[in-house]
Amino acid sequence: MKKTLLTSLGVAALAVSGAANAHFQLVYTPDVIVEKPTNMNMKLVFGHPMENGHVMDMDKPEQFFVQFKDKRIDLMNKLKPVSWAGPENTAKAYQADYRVKRNGDYVFAVVPAPYYEKGEDIYIQQITKSYVNKGGLPTGWEQPLELATEIVPLNKPYQVFAGGTFTGQLLSEGKPAPGVECEIEFINTDIDMKGNAFGKENYREAPETAIVAITDQDGEFTFGIPKAGVWGFACLGAGPVTEHEGKELSQDAVIWVNAQEL
C-alpha cells in the first residue's frame, strides 16, 4: 500500500501490480447528473468493488462535506450508520441524504477514520471524492478542495465516455505528487440502495492483478476507459501523514468517475 517513486519520471504508465482485490472507499449515489431538485441518497462503504468480496467496518468519518461553488457544507450530522452486506460478510457503513437544489457541481468528500488492515499490519485512510451535477452547468468540478491529498479531475468526472480517457492530477498538500502508484477499479456488481448490499453476481470477471497507473512529473495520470460504468482511482500513500497509533499509515487519495456509452 506504499507509494512508488520512480527514478525516471516520464508520461503516466499503465502496469499491473499486486492482487486485484484492492481496498476502495465508496461515496456512492446512483445518479450523478440530475435536471430537477433531487434528494441524493449516498452510501459510504469500504470494500472491494471490483472483486466484490470482503467488506470492511467503517468507524465514524473525521470529515464529510459537500463543496458547492465557494461554499463548503458540513454533512457530518447527515450520516446514519447502516449494516452493509457483501457476498461474504456484513460490515459497518454509513448513509446520508442531501437535497440538490441549485444548478452546478456538487463535490462530496469524506475523510474516513484510519482503518486497521490486520493482514498488512498497517492503517489505511482513503480520502475520497465523488461528483454530482445539476442542470448541466459546470461550477468548479476541476477545483481542488485543499485536502491533505486528493485527485483533481482534468475531465468532467460525471461525463466521461467509454472508449475515451480520464486524466487526473494527484496533489499532496496542494502540490503535484509525481511517481505515485494509482490503482484503478470499477464497481463490478449491482448496488441495492434500499437493502444496503452489493449484488451476489459480478458483471464480468475481474483482472487477475491490479490495474495500475503511475503519476508523471506533474502528478498526472491518464487511463483509457474501456467500458461504461463507475470507475475508481486510488493513489496510494500520497498523503503527508505516514503513521497512526505507532503503525504505518497509507493515506490515499480516491476519486470516482462515471463513464457512459456515447
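Scroll up to find the structure.
The model shown is predicted, which means the values in this text are computed figures rather than measured ones.

Q: Could you clarify how one ought to interpret the overall build of the protein in this entry?
A: Regarding its fold elements, the protein presents zero helices and 23 strands. A compact globule built from 262 residues should have a C-alpha radius of gyration of about 18 Å, and the protein, at 17 Å, falls within 12% of that. Counting every position in the protein, which comprises 262 residues, the buried fraction comes to 54%. Residue pairs in contact within the protein that sit at least 24 positions apart in sequence constitute 70% of those at least 6 positions apart.

Q: Is there a simple way to explain the pattern of salt bridges in this structure?
A: Opposite charge on two side chains makes pairing possible when the charged atoms of those side chains draw close. For the coordinates displayed, the defined rule picks out three salt bridges. Of the charged contacts in the structure, one is a salt bridge between K92 and D59, with a shortest N-O distance of 3.6 Å. Residue K92 is located in strand β8 (residues 90-100), and its partner D59 is located in the loop between β4 (38-47) and β5 (63-68); the two are separated by 33 residues in the primary sequence. Using a relative accessible area of 44% as the deciding quantity, one classes K92 as partly exposed. Judged by relative accessible area, which is 44%, D59 ranks as partly exposed. Between K129 and E150 there is a salt bridge, with its nearest N and O atoms 2.8 Å apart. With a gap of 21 residues between them, K129 in strand β11 (residues 122-134) and E150 in strand β12 (residues 149-153) connect regions that are remote in the sequence. For the pair shown, K129 and E150 are each scored as buried.

Q: Please explain the state of the cysteines as it appears in this structure.
A: Linking two cysteines covalently through their sulfur atoms gives a disulfide. Counted by the stated rule, this structure contains one disulfide. Here C182 pairs with C235 through a disulfide, and the sulfurs are 2.1 Å apart. The chirality of the disulfide connecting C182 with C235 is right-handed, given an S-S dihedral of about 100°. Separated by 53 residues along the polypeptide, C182 in strand β16 (residues 181-186) and C235 in strand β21 (residues 229-235) bring together distant segments of the chain. According to the relative accessible area criterion, C182 is buried, its value standing at 0%. For C235, a relative accessible area of 0% translates into the label buried.

Q: Before we go on, may I ask you to explain the nonpolar core in this structure?
A: One broad trend across soluble globular proteins is that nonpolar side chains are buried collectively. Membership of the largest hydrophobic core comes to 34 residues, with the highest contact counts inside it found for I151, F166, L170, F221, I225, W231 and F233. At the level of elements, β9 (104-111), β11, β14 (165-172), β16, β19 (209-214), β20 (220-224), β21 and β23 (247-260) are the ones that each hand at least two residues to this core. For this core, the leading source of residues is β23, giving four residues. Ignoring any residue separated from it by four or fewer positions in sequence, one finds F166 in contact with P153, N155, V160, F221, T222, F223, I225, F233, I255 and V257. Formed by 25 residues, the second largest nonpolar core is a distinct cluster that contains F64, L75, Y115 and I124.

What counts, and at which threshold
- Residues numbered from 1 in each chain as written.
- Predicted model: local features only at pLDDT ≥ 70, side-chain atom pairs only at ≥ 80, totals over all residues.
- Heavy atoms only, no water.
- Helix = DSSP H or I, 4+ residues; strand = E, 2+ residues; numbered from the N terminus.
- Rg over C-alpha atoms; globule rule 2.2 N^0.38 Å.
- Buried < 20%, exposed > 50% of the residue type's maximum accessible area, 1.4 Å probe, protein only.
- Contact = heavy atoms within 4.5 Å.
- Salt bridge = Lys/Arg side-chain N within 4 Å of Asp/Glu carboxyl O.
- Disulfide = S-S within 2.5 Å.
- Core = buried A, V, L, I, M, F, W, Y, C linked by side-chain atoms within 4.5 Å.

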